[in-house]
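# Coordinate inspection notes
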Amino acid sequence: MKITHADVIVSCPGRNYVTLKIRTDEGVYGIGDGTLNGRELAVASYLKDHICPLLIGRDPQKIEDIWQYLYKGAYWRRGPVTMAAISAVDIALWDIKGKIANLPVYQLLGGASREGVMVYCHATGSDIPAALESFEHYRDQGFKAIRMQCGIPGMSTSYGLAKGNNKAYEPATKGKPEEQAWSTEKYLDFVPKLFEAVREKYGFETHLLHDVHHRLTPIEAARLGKSLEPYRLFWLEDPTPAENQADFRLIRQHTVTPLAVGEVFNSIWDCKQLIEEQLIDYIRATVTHAGGITHMRRIADFAALYQVRLGSHGPSDLSPVSMGAALHLDLWAPNLGIQEYMGYPEAALEVFPHAWSFNQGYMHPGDVPGIGVDIDEKLAAKYPYEPAYLPIARLEDGTLWNW
Ligand code: KDG
Ligand code: MG
């Protein structure tokens, strides 16, 4: 079997996605996701200009060899653009392998470790009453785990706030990045009140999560973790930027609130120290940014040695193809924690027909051979790429901060 075509499709059915379609001389094809929010065209070019020509004529069944060829062969290892491109190829090749074997990918990985994958959604509101309403909305849909974000008194906006009337949270803006003001002091004073309100009204039955989105220093994060302990969070996410992995030692010394990190990671090297020193509880790297199923499986096995569990990033800025691939990995991984499921714009669900499903707080990748997600190319063509960027954050004095 040989690869005959590798085509990149960039579309915007609600938001931008970079999809790779690999076709073979035997008619079997595979689909992969390489979306990198705000830098989509860089990945598309990396694929089109540097990877696709190298794939033609190769045996698509040699997933490991192709992975090593693209990783070591480029000489320039790692980095979000390179790894998103490798991920797209890897996911498409697992899709092909599953189709050849006539098995869903989770079966190729070793079979299901559970009936379904627990997922968490995003509740959001401009103030505490609105956030509580949003919590109820998702709890009534059956979610067992809910991420809580909320507007902060005295700040015009904050991370995780939906624009408009409790609509889906979508931070990217068309054209240039939006600028937002950030006050650590106001945030730190307010967040415990939000969780106190949720626990007081709804008790402890639902898992609660919160995303700090890299905005605190280690000592501030330690303080927040400590102040949230009475509300027993499932996790506190990205409390501080993780470039310096040793920073997490300080947070860990002060709080037993579980920590989740890694949505911006692109290889096992980004989380090696965090995992080895047990500085985190959940690793949030994804199949789309951290080298596909092949590399994520390596991260999962490594993490398992240290009782760190998978908690993959699953925002709507990764395509439904990514969700499918993640769910196969999750269903297999003995050390699954939870999967993020933010939902998708309606148009995206139509462009990407999928076998995965949601039921009462759990998801399943489906039993279709391969990944179980396709792309309707004709429909995708009706949604051309639109430049869009994530916001940036500045402190109230104008200093550029972590968004
Ligand atoms: O593209 C960036 C988003 O995916 C990110 O801001 C969402 O933090 C996020 C999350 O936890 O889903
Ligand atoms: Mg996050």
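What comes next concerns the included structure. (Residues numbered from 1 in each chain as written. Chains lettered and ligands numbered in written order. Predicted model: local features only at pLDDT ≥ 70, side-chain atom pairs only at ≥ 80, totals over all residues. Heavy atoms only, no water.)

We now examine the packing of helix H2 (residues 63-72) against helix H10 (residues 292-304). The contact between H2 and H10 brings their axes to 9 Å, and the two run at 90°. Taken together, the axes of H2 and H10 lie roughly perpendicular to each other. For the pair H2 and H10, the contacting residues are Ile-63, Glu-64, Trp-67 and Gln-68 in the first and Thr-294, His-295 and Arg-298 in the second. For the contact of H2 with H10, the residue count by class is two nonpolar, three polar and two charged. (Axes fitted to C-alpha atoms, helices over the stretch in contact; angles between N-to-C directions. Helix = DSSP H or I, 4+ residues; strand = E, 2+ residues; numbered from the N terminus. Parallel < 35°, antiparallel > 145°, perpendicular 65-115°, else oblique. Contact = heavy atoms within 4.5 Å. Nonpolar A, V, L, I, M, F, W, Y, C, P; charged D, E, K, R; others polar.)

Glancing now at the sheet that holds strand S17 (residues 392-395). With mixed pairing, three strands are arranged side by side in an open sheet as S7-S17-S18. Two strands lie at the open edges of the sheet, namely strand S7 (179-182) and strand S18 (400-401), each paired on one side alone. (Pairing = 2+ DSSP bridges.)

Around the magnesium ion (ligand 2), the protein contributes the donor atoms Asp-211 (OD), Glu-237 (OE) and Glu-263 (OE), which lie 1.9 to 2.2 Å from the metal centre. Mapped onto the polypeptide sequence, the residues donating to the magnesium ion (ligand 2) form the spacing pattern D-x25-E-x25-E. Separated by 26 residues along the polypeptide, Asp-211 in strand S8 (residues 207-211) and Glu-237 in strand S9 (residues 235-237) bring together distant segments of the chain. When sorted by exposure, Asp-211 lands in the same class as Glu-237, which is buried. (Donors = N, O, S within 2.8 Å, 3.2 Å for Na, K, Ca; no water. Buried < 20%, exposed > 50% of the residue type's maximum accessible area, 1.4 Å probe, protein only.)

With 13 residues, H10 should reach 18 Å at 1.5 Å per residue; the first-to-last C-alpha distance of 18 Å fits that figure. Inspection of H10 places Gly-292, Ile-293, Thr-294, His-295, Met-296, Ile-299, Ala-300, Phe-302 and Ala-303 among the buried residues, and these make up the whole buried set. (Expected span 1.5 Å × (residues − 1).)

We now examine unusual backbone geometry. Leaving glycine aside, a negative phi is the common case for residues, and trans is the common case for peptide bonds. Phi at Tyr-75 is positive, roughly 70°, even though this residue is not glycine. Relative to the helices and strands, Tyr-75 is located in the loop between H2 and helix H3 (80-101).

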